[in-house]
Amino acid sequence: MRAGSVKRKTNETEIEVQLNLDGTGVYDVHTGIGFLDHMLEQLSRHSLMDLKLHAKGDLHIDFHHTTEDSGIAIGEAFAKALGDLKGIRRYASAHIPMDETLTRVALDISNRPYLIWKVHFTRDKLGDMDTELFKEWFQAFAQAAGITLHVENLYGTNNHHIIESCFKALARALRDAIEIDPRRADAIPSTKGTLGGSL
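Each value, and the rule that gives it
Residues numbered from 1 in each chain as written. Predicted model: local features only at pLDDT ≥ 70, side-chain atom pairs only at ≥ 80, totals over all residues. Heavy atoms only, no water. Pairing = 2+ DSSP bridges. Helix = DSSP H or I, 4+ residues; strand = E, 2+ residues; numbered from the N terminus. Axes fitted to C-alpha atoms, helices over the stretch in contact; angles between N-to-C directions. Contact = heavy atoms within 4.5 Å. Parallel < 35°, antiparallel > 145°, perpendicular 65-115°, else oblique. Left-handed = near helix turned anticlockwise from the far one by under 90°. Right-handed = clockwise from strand over helix to strand, strands pointing away.

**Q** Sorry, what's going on with the sheet that holds strand β2 (residues 13-20) here?
**A** Picture the strands of a sheet paired through backbone hydrogen bonds; they go either parallel or antiparallel. Sheet architecture is open: four strands sit in the order β1-β2-β4-β3, paired in mixed fashion. Bordering the open sheet on either side are β1 (3-9) and β3 (27-30), each of which pairs with just one other strand. Going from strand to strand, the sheet's axes swing by 5° on average, the running direction of each strand aside. Note that β2 and strand β4 (residues 50-57) share eight bridges and pair antiparallel. Bridging across to β4, Thr13 finds its partner in Gly57. Running over the sheet, helix α1 (residues 34-47) touches β3 and β4 and is turned about 160° from β3.

Written out as structure tokens, the structure reads:
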């Protein structure tokens, strides 16, 4: 099984992550932020990655550090679990509807981190969480995981549906991209024979 674990401790947060890419979508997530927990549970369940994440952060200040650092820690565990990227399909995309909402995610697991974020909210908060922090999570995850990640909400009016469809679309795209291609199981998916600053 492809698995990675990370312990990240700063003056702002203390986070432990265990991630199994070849799991069944089992999760144990505790960040202290209810809505973020809900989104990370969706990520695990729909990607079939097993995710254990326990975080303690400076929530008395705000949710920024815990949100961002959880993205970093999951991304680092993801990169560790993938190793040299040999055999993966690398590219994937997903369109995920949720009632009136439709979101598209396209990604390239390339060690060329980049985020395109075309998601807009009409509310400042969902639960107690600032909606502006969702971009911070996706940015942190993409950077730490080494993923080129495009997230675009095509339409929708319900803010909960909009962000949940983003996490579910990321999950389904990751599920496809990390799958081992049986025709190229021993090869790096690049003409250059390596991934990282390459095409």
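**Q** Whenever I open this one, the packing of helix α2 (residues 64-82) against helix α3 (residues 133-145) confuses me. Can you help?
**A** The description of two packed helices rests on the angle between their axes and on the distance between the axes. Across the interface, α2 lies against α3 with an axial gap of 7 Å and an inter-helix angle of 25°. Accordingly, the angle class assigned to the pair α2 and α3 is roughly parallel. As for how α2 packs across α3, the hand of that crossing is right-handed. Between α2 and α3, the contacting residues are His64, Thr67, Glu68, Ser70, Gly71, Ile72, Ile74, Gly75, Glu76, Phe78 and Ala79 on the first element and Leu133, Glu136, Trp137, Ala140, Phe141, Ala144 and Ala145 on the second.

**Q** Quick question: what am I supposed to make of the pairing of β3 here?
**A** The side chains of a regular strand alternate between the sheet's two faces. Looking at chain direction, β3 and β4 are connected through four bridges and run parallel. For Tyr27, the partnering residue across the bridge sits in β4 and is Leu51. Taken together, β3, α1 and β4 form a β-α-β motif whose crossover is left-handed.

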